[in-house]
Amino acid sequence: MRYYLIVGEASGDLHASRLMKALKYYDEESEFRFFGGDQMAAVGGTLVKHYKDLAYMGFVPVLLHLNTIFKNMKMCKEDIVRWQPDVVILVDYPGFNLNIAKFVRRYNEGKWKQGDGAKTERVSVRPIPVYYYISPKIWAWKEWRIKNIKRDVKEMFSILPFEKEFYEKKHRYPIHYVGNPTAEEVAAFRANYHESFEQFVVRQNGSGTCRMDFRPVIALLAGSRKQEIKDNLPAMIEAAKRFEDYQLVLAGAPSIDDAYYEKFIKGTRVQLVKDQTYELLSHATAALVTSGTATLETALFRVPQVVCYETPLPKLIRFAFNHIIKVPFISLVNLIADREVVKELFADRFRVYRIANELYRVLPGQPGRDKMLQGYEEVVQKLGSDVAPANAARIMVQLLTSNS
């Protein structure tokens, strides 16, 4: 069967590539065409457009690149119609992907026209189903998008257990919870990683750019985007440097140049370890972490953490969080547990002294540490043990085969 996949960022490239490998296992005649990245290209198929040409974050960058965004959307619609896939699989990236889902639904209904942004003639009356792998986070923001999803998406494949209740009980839209890929990735890494702390330190120092010692580690995970790093890293360093019995090690993202990090860590005792976040977390005693998947990864490595996230207009953000945003937490750890397991210091609570105080509470010998580790076990239980890409691929192939 023919699979057309669309992702818009590096994490989507990773998750989609693993889904593609699983689809190849369950469908030996699978063919792939995609808007994606290097990891998807390594699996095989045709890369139509790289996600680096799609991803614009923030209001101003999006506004400045509207013409490019519309051209890419038009190209994608035309390419889908020309290639006639058996299914279109969308991976997160809702601003772009929900527009594509709407287009495919209109195409299937024969309501498509030039005004939809594509010129290719309608070539088939065979409907093309739309599957969504990794749900948009509409439970936090823009919940009204559920109407579009129910109308335009035939099957939803979720990787967060609490989404099942949100979709099925609140909105009466059945979905598939297929397991969490991050949980599976971390479990696989931990099972196969056997490097001692001493070996890890020696290897880092052998690179010539790192000067680690054998003191316990406070890991700094400051995000994967320059703006996140700029906003969060200085306060993280200021808070963590108070703990002189620990060494501070920054997890460098592969997409960020060393020179950018150097602007923040020069003259400090922070050491940079690039593209080895899992190795670092394997040996960390505690961590300061920005919001996002990194909070879940840190929990799965059983590293007590403090979530730090600076925002512009902190008082306004706090008001929005209390009165507009639909969820009580920003970290995946707390969202999955449905209670406060890790302390979240964001908006008006983002203060260096608070970060330091909360970090102290989760160091060895302090009461907050064991309590947090117990909460982590709840999260692990709720995530389950299903292998998400394999589970999703199996269900997808079954559905497509039964409907063909």
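Quick look at the structure, then. (Residues numbered from 1 in each chain as written. Predicted model: local features only at pLDDT ≥ 70, side-chain atom pairs only at ≥ 80, totals over all residues. Heavy atoms only, no water.)

1. Examining the overall build of the protein chain
Item 1. A tally of regular secondary structure across the protein chain gives 18 helices and 13 strands.
Item 2. A total of 404 residues make up the protein chain; the buried ones form 53% of that total.
Item 3. In the protein chain, of all internal contacts separated by at least 6 residues, the share reaching a separation of at least 24 is 65%.
Item 4. When the accessible surface of the protein chain is split by element, carbon and sulfur atoms take 52% of a total near 19100 Å². (Helix = DSSP H or I, 4+ residues; strand = E, 2+ residues; numbered from the N terminus. Buried < 20%, exposed > 50% of the residue type's maximum accessible area, 1.4 Å probe, protein only. Contact = heavy atoms within 4.5 Å. Areas by Shrake-Rupley, 256 points an atom, 1.4 Å probe, with all protein chains shown as cover.)

2. Brief notes about the sheet that holds strand 8 (residues 217-221)
Item 1. Pairing is parallel across the open sheet formed by 6 strands, whose spatial order is 10-9-8-11-12-13. Unpaired on one side and paired on the other, strand 10 (270-274) and strand 13 (343-346) mark the two borders of the sheet. Sheet twist, expressed as the mean angle between neighbouring strand axes with direction ignored, is 25 degrees.
Item 2. The strands touched by helix 11 (residues 258-265) are strand 9 (247-252) and strand 10; relative to strand 10, the strand with the most contacts, the crossing angle is about 165 degrees. (Pairing = 2+ DSSP bridges. Axes fitted to C-alpha atoms, helices over the stretch in contact; angles between N-to-C directions.)

3. Structural notes on the packing of aromatic side chains
Item 1. Using the criterion set out here, one finds 16 aromatic pairs in the structure.
Item 2. Taken together, a centroid distance of 5.4 Å and an interplanar angle of 70 degrees make the contact between Phe189 and Tyr278 edge-to-face. Of the two residues, Phe189 is situated in helix 8 (residues 181-192) and Tyr278 in helix 12 (residues 277-283); the sequence distance between them amounts to 89 residues. As far as burial versus exposure is concerned, Phe189 and Tyr278 are alike and both buried.
Item 3. When the ring of Phe197 is compared with that of Phe214, the centres are 6.5 Å apart and the planes differ by 85 degrees; the resulting orientation is edge-to-face. (Phe/Tyr/Trp six-rings, centres within 6.5 Å; stacked < 30°, edge-to-face > 60°.)

4. Regarding the packing of helix 10 (residues 226-240) against helix 16 (residues 352-361)
Item 1. One way to put it is that helix 10 packs onto helix 16 with a least axis distance of 8 Å and a crossing angle of 55 degrees. With respect to helix 16, the axis of helix 10 lies oblique. Judged by the twist between their axes, the crossing of helix 10 over helix 16 is right-handed. Contacts from Ala235, Glu238, Ala239 and Ala240 of helix 10 reach helix 16 at Val352, Ile355, Ala356 and Leu359. (Parallel < 35°, antiparallel > 145°, perpendicular 65-115°, else oblique. Left-handed = near helix turned anticlockwise from the far one by under 90°.)

5. Observations concerning the pairing of strand 3 (residues 46-50)
Item 1. Bridge analysis of strand 2 (residues 31-36) against strand 3 gives 4 bridges, and the strand direction is parallel. Note on strand 3: the bridge partner recorded for Gly36 is His50.
Item 2. Following the chain from strand 2 across helix 2 (residues 38-43) to the adjacent parallel strand 3, one finds a crossover that is right-handed. (Right-handed = clockwise from strand over helix to strand, strands pointing away.)

6. Looking at the pattern of salt bridges
Item 1. All chains considered together, the criterion is met by 21 salt bridges.
Item 2. Arg215 is paired through a salt bridge with Asp213; the nearest N and O atoms lie 2.9 Å apart.
Item 3. The exposure class assigned to Arg215 is partly exposed, which follows from its relative accessible area of 29%.
Item 4. Between Lys274 and Asp258 there is a salt bridge whose closest N-O contact spans 2.9 Å. (Salt bridge = Lys/Arg side-chain N within 4 Å of Asp/Glu carboxyl O.)

7. Quick word on the nonpolar core
Item 1. By size, the foremost hydrophobic cluster in this structure holds 139 residues, and its most contacted members are Leu5, Ile6, Ile89, Tyr133, Leu220 and Leu359.
Item 2. Beyond its immediate sequence surroundings of up to four residues, Ile6 is in contact with Phe35, Cys76, Ile80, Val88, Ile89, Leu90, Val91, Phe96, Asn97 and Ile100. (Core = buried A, V, L, I, M, F, W, Y, C linked by side-chain atoms within 4.5 Å.)

8. Some points on the environment of Pro216
Item 1. Along the chain, the position of Pro216 falls in the loop between helix 9 (197-205) and strand 8.
Item 2. Put simply, Pro216 and Leu248 are 32 residues apart on the chain and 8.8 Å apart in space, counted from C-alpha to C-alpha.
Item 3. Not counting the four nearest positions on each side in its chain, Pro216 is found in contact with Asp245, Tyr246, Gln247 and Thr285.

9. Focus: the environment of Phe301
Item 1. Position of Phe301 among the secondary structure elements: in the loop between helix 13 (293-300) and strand 12 (305-309).
Item 2. On the accessibility criterion, Phe301 (6% relative accessible area) is buried.
Item 3. Taking the C-alpha atoms as reference, Phe301 lies 8.2 Å from Tyr278; in sequence the two are 23 residues apart.
Item 4. Residues contacting Phe301, with those up to four places away along its chain left out, are Val186, Phe189, Arg190, Tyr278, Leu281 and Ser282.

10. Brief notes about the layout of surface pockets
Item 1. Counted as a void, the second largest pocket has a volume near 390 Å³.
Item 2. What lines the second largest pocket is a set of 15 residues, and nearest its centre among them are Phe162, Glu165, Phe166, Leu335 and Asp338.
Item 3. Mapped by element, the contributors of at least two residues to the lining of the second largest pocket are helix 7 (162-171) and helix 15 (332-337).
Item 4. Ranked by residue count, the leading element in the lining of the second largest pocket is helix 7, at 4 residues. (1 Å grid on protein atoms, 1.4 Å probe; cavity = no way out; pocket = protein on both sides within 12 Å on 5 of 7 lines; lining within 4 Å. Points joined across faces, edges and corners; volume = space filled by probe spheres on them.)

11. A few points about the sheet that holds strand 4 (residues 87-91)
Each strand in a sheet pairs with another by means of backbone hydrogen bonds, the pair being arranged parallel or else antiparallel.
Item 1. As summarised here, the arrangement of the 7 strands in space is 3-2-1-4-5-6-7, forming an open sheet in which the pairing is parallel. Bordering the open sheet on either side are strand 3 and strand 7 (176-177), each of which pairs with just one other strand.
Item 2. Two strands pair when backbone bridges link them, and strand 6 (residues 155-158) and strand 7 are joined in this way by 2 bridges, in the parallel orientation. Residue pairing across strands places Phe157 opposite His176, the latter belonging to strand 7.

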